[in-house]
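Per-entry structural report
Each chain, written out:
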2 protein chains.
Amino acid sequence: MSIRGAYQADNIFAKILRGEAPCCKAYEDDQVLAIMDMFPQAPGHTLVLPKSAGRNLLDTDSDVLAEAIKGVKKVALGVEKAFAPDGLIITQFNGETAGQTVFHLHFHIIPRFEHQPFDRHGLAQQADKEVLHAQAAKIAKAISALV
Amino acid sequence: MSIRGAYQADNIFAKILRGEAPCCKAYEDDQVLAIMDMFPQAPGHTLVLPKSAGRNLLDTDSDVLAEAIKGVKKVALGVEKAFAPDGLIITQFNGETAGQTVFHLHFHIIPRFEHQPFDRHGLAQQADKEVLHAQAAKIAKAISALV
C-alpha cells in the first residue's frame, strides 16, 4: 500500500465542505471545519478538517497545517469544556495501512474517560444523529464561550 | 484524573532539551527537536517536541503549535523517505488517561507496515540505543535531502 496518491474530490469530507453532504457541525471558520465523527470512538469524538484540498499531512502545505492545528487546539478546548474528559487523544492517519478511511486530511480529537475502554477506529458503531447534533451544539457553545 | 497541571521543568524531555540527558536526535531547528522514541511501537518511531515549555496541546500557544506541526511534517517526510512505510500515524496524547507519559508536549510519528502488528503505547520494549542512533542518522540524512 502507499501513503501517497492523488486527491480525489469525491471523498465524503470534500462533499461535506462543498455542502453536498450533511454533517454535524461543531465549529467553522475560514480555515477549518469541525464535525462529529459518525463512528465515534468515545462521546465527543470530533474531526477537524482544513478547508483546502489535501490527502494527508505529507502532501499538505505547511501553512495549511499551521492553521489546521490552531483549529484543532480551539476545538479541543471546546471538547474539553463540553465533556470534561480525563484525557484527550489527537490523532491523524496517513494512508489506509495507518487507519485512514477518508482521504481528505483530518485530525481526530478523542476524549478519554477513566475506566472506560474506547472503541477501536473502524470498529465503532454508527452513532445516532440526534445525539451527535446535540454534542456538536454543546461543543459549539463551549467554543463560542472561550476567551 | 486531570488533563491539566503545571509544567514541571524536571521532565525527561525538558532535560533532553537542556542537554542534561542523552537522546537519539533525528532533527533539530530553532523551534523543534526530533528524537527517537526509546520504546518504539514500530521501527522509525520518532517524537517531535517544541523547544518551548508546554505540558500538552491545550496549554501551548497556537503559534508554538503552528511551528511544531511544520516540524512534524518535515520529520514525517524524513521518516517516510528513510523507512518507506505503508502508512504513518501522527498522535499526540493529553493527560495520563490519554496515554501521555511525559508532560512536555510531543507528537508521535509512527510508521505502519502491512501485515506487521504494532506495539501498544507503553507496552513496547526499550530499544537498543545503537539501533536508534542508526535510525536517527538515517532520518537526519533523509530530511537534509528534502527539497
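Our subject is the structure that appears above.
Below or above, wherever it landed, is the structure these notes cover. (Residues numbered from 1 in each chain as written. Chains lettered and ligands numbered in written order. Predicted model: local features only at pLDDT ≥ 70, side-chain atom pairs only at ≥ 80, totals over all residues. Heavy atoms only, no water.)

**Observations concerning the interface of chain B and chain A**
Residue-level contacts link 35 residues of chain B with 35 residues of chain A. Between chain B and chain A, the buried area comes to about 3000 Å², and carbon and sulfur atoms account for 60% of it. Looking at the side of chain B facing chain A, the largest losses of area belong to Ile69, Lys73 and Thr97 of chain B, adding up to 19% of the total buried there. Across the chain B-chain A interface, the total number found is four salt bridges. A salt bridge links Glu80 of chain B to Arg4 of chain A; the shortest N-O distance between them is 2.7 Å. Summed over the shared surface of chain B and chain A, the result is twelve residue pairs in polar contact (both at pLDDT 80 or more). (Contact = heavy atoms within 4.5 Å. Buried area = accessible area lost by both parts, 1.4 Å probe. Salt bridge = Lys/Arg side-chain N within 4 Å of Asp/Glu carboxyl O. Polar contact = N/O pair within 3.5 Å; in protein donor to acceptor, adjacent residues only side chain to side chain.)

**As for the pairing of strand β5 (residues 107-112) of chain A**
Regular strands show a simple pattern: their side chains alternate between the two faces of the sheet. Residue and element names in this part refer to chain A. Along β5, six of the six residues are buried, which leaves the element largely enclosed by surrounding structure. The alternating pattern of β5 places Phe107, Ile109 and Pro111 and His108, Ile110 and Arg112 on opposite faces, both of which are buried. When strand β3 (residues 46-50) meets β5, the two strands line up antiparallel, connected through three bridges. Its bridge partner being in β5, Thr46 is matched across the sheet by Ile109. (Buried < 20%, exposed > 50% of the residue type's maximum accessible area, 1.4 Å probe, protein only. Helix = DSSP H or I, 4+ residues; strand = E, 2+ residues; numbered from the N terminus. Pairing = 2+ DSSP bridges.)

**Considering the pattern of salt bridges**
Between side chains of opposite charge, pairing is possible as soon as their charged atoms come close. Taken as a whole and judged by the stated rule, the model has twelve salt bridges over all chains. Where Lys70 of chain B meets Asp63 of chain A, a salt bridge forms, and the shortest distance between an N and an O atom there is 3.6 Å. You can see Lys70 of chain B sitting in helix α2 (residues 62-83) and its partner Asp63 of chain A sitting in helix α2 (residues 62-83), one on each of two chains. According to the relative accessible area criterion, Lys70 of chain B is partly exposed, its value standing at 26%. One connected set of salt bridges, linked through shared partners, spans Lys25, Glu28 and Lys51 of chain A.

**Observations regarding the state of the cysteines**
Counted by the stated rule, this structure contains zero disulfides over all chains. Among the cysteines around Cys23 of chain A, which has no disulfide bond, Cys24 of chain A carries the closest sulfur, lying 6.8 Å off. (Disulfide = S-S within 2.5 Å.)

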